[in-house]
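# Notes for the structure review
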Amino acid sequence: MSEGLFSSFRISATGLSAQRRRLDVIAENLANAETTRTPAGGPYRRKRAVLAAESTPVDQVSQSEPFVQLVRSNEKHMAANAMESVRPVDPETGVTMTVQDDPSPFRSEYDPGHPDADANGYVLKPNVNVVDEMVDLILATRAYQANAVAFEASKDMFNVSLQI
Amino acid sequence: MIRGTLGDRAGLAPLKQALNAYALRHRVISGNIANAETPGYQPRRVEFESSMKQALATTRFVHPTVTDPRDIPVGDSSPDSVEPQVVSAPQTGKENGVDLQKEMVALVENQLSYRLAVRLLDMKYNQLHAAIRGSIR
């Protein structure tokens, strides 16, 4: 409840930003799908967008048990509602994205005419699978759209509450 | 005191709590959507309607309140003290439990509920306004 309705803007913004940067990573991978020379030497290594939730998962939020258990044995008894006084901390969470190198092995292609070919005529190519990247591209686009819709909804709700 | 009386008589309190609950649910759904592709994330839900319904149905004369942390909460919760609870959704066994379609439907549904609550609150205020002025508008 800390920032009220405004924090929903922030949450959707983290989603939008993470998905957009994921698109950047995919674009970089696609652009370098055949790159055999990098400043670090060797072929281009595929980059991977790793998404993570921002704050503590709800399971770690303490749901403290009452130390006495009261039982309602008669209709006229009052019900004990110990659980209802426990209020977990802000459980809504945004998303963060980090970029990591994909450690999977490079592709080896037979191309003796290539300047980077080894003695046997094999060239090491980046570990980028274009089909995988395209699928990822579509996923990232859809996720971006979903976050944009959530953002629109926040805007609408905020506007409406100004009309009271 | 007048404010409290007016608010109580007009039934504004449950509406205000509903607004808060819908706003919280909106944030939680936004978080679920933002984490739709996060590995290991399980979606969260907001429970409010059932506890509010129960509180409204079992309204009694006395509403004991907790004034000390060592007190044992007793008695049915009064409608005023119903707080929305955030819970994790039932485990689906999948790496990421978010169903984007479900979340989008929940988002729209919650948005409309919010709009409805705002509309009702607005109408209540207009009623009060009319009663104070003695004429409509």
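Scroll up for the structure.
These remarks concern the structure in this document.

What counts, and where the lines are drawn
Residues numbered from 1 in each chain as written. Chains lettered and ligands numbered in written order. Predicted model: local features only at pLDDT ≥ 70, side-chain atom pairs only at ≥ 80, totals over all residues. Heavy atoms only, no water. Core = buried A, V, L, I, M, F, W, Y, C linked by side-chain atoms within 4.5 Å. Buried < 20%, exposed > 50% of the residue type's maximum accessible area, 1.4 Å probe, protein only. Helix = DSSP H or I, 4+ residues; strand = E, 2+ residues; numbered from the N terminus. Contact = heavy atoms within 4.5 Å. Patch = residues over 30% accessible without salt bridge, like charges linked within 9 Å, V, L, I, M, F, W, Y side chains within 5 Å. Areas by Shrake-Rupley, 256 points an atom, 1.4 Å probe, with all protein chains shown as cover. Salt bridge = Lys/Arg side-chain N within 4 Å of Asp/Glu carboxyl O. Axes fitted to C-alpha atoms, helices over the stretch in contact; angles between N-to-C directions. Parallel < 35°, antiparallel > 145°, perpendicular 65-115°, else oblique.

### Focus: the nonpolar core
If you look at the biggest cluster of nonpolar residues, it comprises 18 residues, and the most contacted ones within it are L19(B), F48(B) and Y114(B). Elements that contribute at least two residues to this core include exactly α2 (130-161) of chain A together with α2 (12-34), α3 (49-57) and α4 (100-133) of chain B. Considering every element that reaches this core, the biggest residue donor is α2(B), with 7 residues.

### Details of the environment of S12(A)
Residue position: S12(A) is located in helix α1 (residues 6-31). Separated by 109 residues in the primary sequence, S12(A) and G121(A) place their C-alpha atoms 50 Å from one another. Excluding its chain neighbours within four sequence positions, the residues that come into contact with S12(A) are N147(A), A150(A), F151(A) and S30(B).

### Things to note about the side chain of N147(A)
With respect to the helices and strands, N147(A) occurs in helix α2. For N147(A), a relative accessible area of 0% puts it in the buried group. Apart from the residues lying within four places of it in its own chain, the contact partners of N147(A) are S12(A), G15(A), L16(A), Q19(A), I33(B) and A34(B).

### Quick word on a nonpolar patch on the surface
All names here are of chain A. A surface patch of nonpolar side chains, amounting to about 260 Å² of accessible area, comprises V131, V135 and L139. Among the secondary structure elements, V131 is positioned in helix α2. On the basis of relative accessibility, which here comes to 58%, the residue V131 falls in the exposed class.

### Details of the packing of α1(A) against α2(B)
Two measures define how a pair of helices packs: the angle their axes make with one another and the distance between the axes. The contact between α1(A) and α2(B) brings their axes to 9 Å, and the two run at 5°. Of the possible angle classes, the one that applies to α1(A) and α2(B) is roughly parallel. Each of S7(A), S8(A), I11(A), S12(A), T14(A) and G15(A) in α1(A) lies in contact with α2(B), whose residues at this interface are H26(B), R27(B), S30(B), G31(B) and A34(B).

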